[in-house]
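Coordinates in review
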Amino acid sequence: MSFFKRLKDKLVGNPTEEEKVAEIIEEEAAEQKQDEATEPAQIEAIVDENEKAEEVSVTEATSETEIPVASEDQEQQEQQEQQEQQKEVQEVAIVEEPVKEKKPSAWSITQKFKAGLEKTRNSFTSKVNDLVARYRKVDEDFFEELEDLLLQADVGFETVMELMDKLRFEVQRKNIKDTSGIQTIISEKLVEIYEQGEEDLIELNMQPNGELTVILFVGVNGVGKTTTIGKLAHRLKSQGKTVVLAAGDTFRAGAIDQLQVWGDRVGCEVIKQSEGSDPAAVMYDAIRAAKNRNADVLICDTAGRLQNKVNLMNELEKVHRVISREVPNAPHEVLLALDATTGQNALVQAQTFKEATNVTGIVLTKLDGTAKGGIVLAIRNKLHIPVKFVGLGEKMDDLQPFDAERYVYGLFAEGLDKELQNSED
């Protein structure tokens, strides 16, 4: 199946009629909420006007007839109390209206990638568009400038060289002369380089029902590791899993409290000890607790100090040893959290942790906050570790399974939309 065909079926193709209707309903609901929000102010203004008119009429009436002021004030007070009661009933009705949880559609997930990669796209893809506009034909000068742009996006030297070789070969094989449609070929080759013929790279190694799955998180301090653990716990709970968290980062000040906050937020029990405790002892207690509670998943936080590589390796090895002793073949996943905004430094961190422990997947955080999103390709191509999740925002559901085609679409969205439209015309 061609790359264009996959894009149309999976990513770019117009949303289904059902999704369109859902979007229209959402828009109407949002407008109705806005109207409801403005209604109280309008009602209050009308009430004020009516009250003023009544006061005027009452004043005029009292000048002609003697009406007891106390009785009039009592009537106004009763009217105000009735109005406030009606207003409270309306507000309660709005608050208690059941909210239906909508499962994210393929289209909405694709849009998350597009929005999350906006900074990279604005920086990188705009330059590619300028390059395509300046060069009417594909020649060596075009390739050299494209090579520089890819390097600036932190795609990585080795990945760029491999991509340029593939592009040159494809251009020669298809006898391509002009730059129209070149973004599609670039996109297709980037996906090929990432996937490398492998499938289901993003799937977590979940154990069968009734068995405990242990996921170990590693990564330096400040990359968003604890936040990512909370978001992954939320994701697994929404799938019906019972999740327990282990506060193994016992050295960083506030790390245990931070994980507890996330545990309370997503409704997961947090197994912890006092600050400065042995992380391996925390893991032992957490595994016992998870087994006693028949939990499906145990997610373990760890310390992220890189000041002494030897101590880091020894600590992670000890934690790994305790986990594997209590649960055979565990940990089933070792996920390395990396901050996408650090660019090539993330690649160095990945190399260090790969030497310290058997990293099975990368969680790339803060991808929405960097203009160098090409680091995804560099990590995959150099270290042969799949990126399993990416952080595309600050919301609870902005942690998304990585998808190479959605990622590449996020990089070249506008250009691919135009080329796809031209191919259909």
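Because the structure is a prediction, the values reported are computed rather than measured. Along each chain, residues carry numbers from 1 onward, in the same order as the chain's sequence is written. Given that the model is predicted, a residue must reach a pLDDT of at least 70 before its local features are reported, and side-chain atom pairs must reach 80 or more before they are shown or counted; all residues, however, enter totals for whole chains, interfaces and linings. In computing side-chain values, all of the structure's heavy atoms are included and hydrogens and water are not.

Focus on the overall build of the protein
In terms of regular secondary structure, the protein is built from 15 helices and 8 strands. Partly exposed describes any residue whose relative accessible area lies between the buried limit of under 20% and the exposed limit of over 50%, with all areas from a 1.4 Å probe on protein chains only and scaled to the type maximum. Each of the 425 residues in the protein was classed as buried or not, and the buried ones make up 44%. Pairs of residues are marked as contacts when any of their non-hydrogen atoms sit within 4.5 Å. Taking all contacts inside the protein whose residues are at least 6 apart in sequence as the whole, residues at least 24 apart take part in 76%. A run of H or I in DSSP counts as a helix once it spans at least four residues, and a run of E counts as a strand once it spans at least two, with each numbered from the N terminus.

As for helix α14 (residues 375–383)
Within α14, 8 of the 9 residues are buried, which leaves the element mostly enclosed by the surrounding structure. Among all positions in α14, only Ile-375, Val-376, Leu-377, Ala-378, Ile-379, Arg-380, Asn-381 and Leu-383 are buried. Looking one or two residues beyond α14, the residue adopting positive phi is His-384, at roughly 55°.

A few points about the packing of helix α13 (residues 344–356) against α14
Contact geometry for α13 and α14: axes closest at 10 Å, N-to-C directions at 30°. For the element pair α13 / α14, the angle class is roughly parallel. Crossing angle aside, the handedness with which α13 passes α14 is right-handed. Contacts between α13 and α14 pair Gln-344, Leu-347, Ala-350, Gln-351 and Lys-354 from the former with Ile-375, Ala-378, Ile-379, Lys-382 and Leu-383 from the latter. As a working rule, the residues Ala, Val, Leu, Ile, Met, Phe, Trp, Tyr, Cys and Pro are called nonpolar, Asp, Glu, Lys and Arg charged, and the rest polar, with Gly in that last group. Looking at the contact of α13 with α14, its residues break down into 6 nonpolar, 2 polar and 2 charged. Lines fitted to C-alpha atoms define the axes here, with helix axes fitted over just the stretch in contact, and angles between the N-to-C directions of these axes take values from 0 to 180 degrees. If an angle is under 35 degrees, it is roughly parallel; if it is over 145, roughly antiparallel; if it lies from 65 to 115, roughly perpendicular; otherwise it is oblique. The crossing is said to be left-handed when, going from far helix to near helix, the turn is anticlockwise and less than a right angle, and right-handed when the turn is clockwise.

Describing the pattern of salt bridges
Within this document, salt bridges are pairs made up of a side-chain nitrogen of Lys or Arg and a carboxyl oxygen of Asp or Glu, the two lying within 4 Å of each other. Enumeration according to the criterion identifies 15 salt bridges in this entry. The salt bridge partner of Asp-339 is Lys-366, with a shortest N-O separation of 3.3 Å. Residue Asp-339 is found in strand β5 (residues 333–339), and its partner Lys-366 is found in the loop between β6 (361–365) and α14; the two are separated by 27 residues along the sequence. Ionic pairing is found between Arg-406 and Asp-403, a salt bridge with its closest N-O pair at 3.4 Å.

As for the environment of Ala-404
Checked against the element boundaries, Ala-404 lands in helix α15 (residues 404–424). Residues Ala-404 and Ile-193 lie 211 residues apart in sequence; the distance between their C-alpha atoms is 9.7 Å. Sequence-distant contacts of Ala-404, that is, excluding residues within four places in its chain, are made with Val-191, Tyr-194 and Glu-195.

A few points about the sheet that holds β5
By the convention used here, strands pair only if DSSP detects at least 2 bridges between them. Taken together, 8 strands build an open sheet; the order of strands is β3-β2-β4-β1-β5-β6-β7-β8 and the sheet is mixed. A strand with exactly one partner marks an edge of an open sheet, and here the two such strands are β3 (269–271) and β8 (399–401). If you compare each strand with its neighbour and ignore which way they point, the axes differ by 25° on average. Bridge count for β5 against β6 is 5 bridges, and the pairing is parallel. When the sheet's bridge partners are listed, Asp-339 is paired in β6 with Thr-365. Sheet strands touched by α13: β1 (213–218) and β5. Its angle to β5, the strand with the most contacts, is close to 155°.

A closer look at the side chain of Thr-365
Along the chain, Thr-365 falls in strand β6. Side-chain polar atoms of Thr-365 contact the backbone oxygen of Val-223, separated by 2.6 Å. Whenever a nitrogen or oxygen atom comes within 3.5 Å of another N or O atom, the pair is scored as a polar contact, on the condition that within protein one atom can donate a hydrogen and the other can accept it, and that pairs from neighbouring residues in sequence are kept only if both atoms are in side chains.

A few points about the pairing of β6
Of all 5 residues in β6, 5 are buried, a share of seventy percent or more. Side chains of β6 alternate between two faces, with Gly-361, Val-363 and Thr-365 and Ile-362 and Leu-364 buried alike. With respect to chirality, the unit in which β5 leads through α13 into the neighbouring parallel β6 is right-handed. Examined bridge by bridge, β6 and strand β7 (residues 387–391) share 3 bridges and lie parallel to one another. Among the inter-strand pairings, Val-363 is bridged to a residue of β7, identified as Phe-389. Handedness rule for crossovers: strands pointing away from the viewer, path from the first strand over the helix to the second running clockwise, crossover right-handed.

Observations regarding the environment of Asp-278
Here Asp-278 lies in the loop between β3 and α11 (279–292). On the basis of relative accessible area, Asp-278 is assigned to the partly exposed category, the value being 33%. Engagement of the side chain of Asp-278 in a polar contact is seen with the backbone nitrogen of Ala-280, the distance being 3.2 Å.

Brief notes about the nonpolar core
Note on terminology: a nonpolar core comprises buried Ala, Val, Leu, Ile, Met, Phe, Trp, Tyr and Cys residues joined through side-chain atoms within 4.5 Å. Ranked by internal contacts, the top residues of the largest apolar core, which has 81 residues, are Phe-142, Leu-146, Leu-298, Ile-323, Leu-364, Phe-402 and Tyr-407. In this structure, Phe-217, Val-243, Leu-245 and Phe-389 belong to the second largest nonpolar core, which totals 22 residues.

Quick notes on the confidence of the model for the protein
With 68% of its residues at a pLDDT of at least 70, the protein reaches an overall mean of 76. For residues 53–70, every residue scores under 50 in pLDDT, and the model assigns this stretch 5 contacts once sequence neighbours within four places are set aside. For residues 88–102, every residue scores under 50 in pLDDT, and the model assigns this stretch 3 contacts once sequence neighbours within four places are set aside. Per residue, pLDDT captures the predictor's confidence, and it can take any value from 0 to 100.

Some words on the packing of aromatic side chains
Between the rings of Phe, Tyr and Trp (Trp by its six-membered ring), a pair exists once the centres lie within 6.5 Å; its type follows the angle of the planes, with under 30 degrees stacked, over 60 edge-to-face, and the other angles tilted. A complete count under the given rule lists 3 aromatic pairs for this structure. Where Tyr-135 meets Phe-142, the ring centres are 5.9 Å apart and the plane angle is 70°; that geometry is what we call edge-to-face. Given the relative accessible area of 16%, Tyr-135 is considered buried. Looking at Phe-142, the relative accessible area reads 1%, which means it is buried. Ring geometry for Phe-402 against Tyr-407: centres 5.4 Å apart, planes inclined by 50°, an arrangement best described as tilted. Neither residue differs from the other here; Phe-402 and Tyr-407 are each classed as buried. An aromatic cluster is present here, built from Tyr-135, Phe-142 and Phe-143 joined pairwise through their rings.

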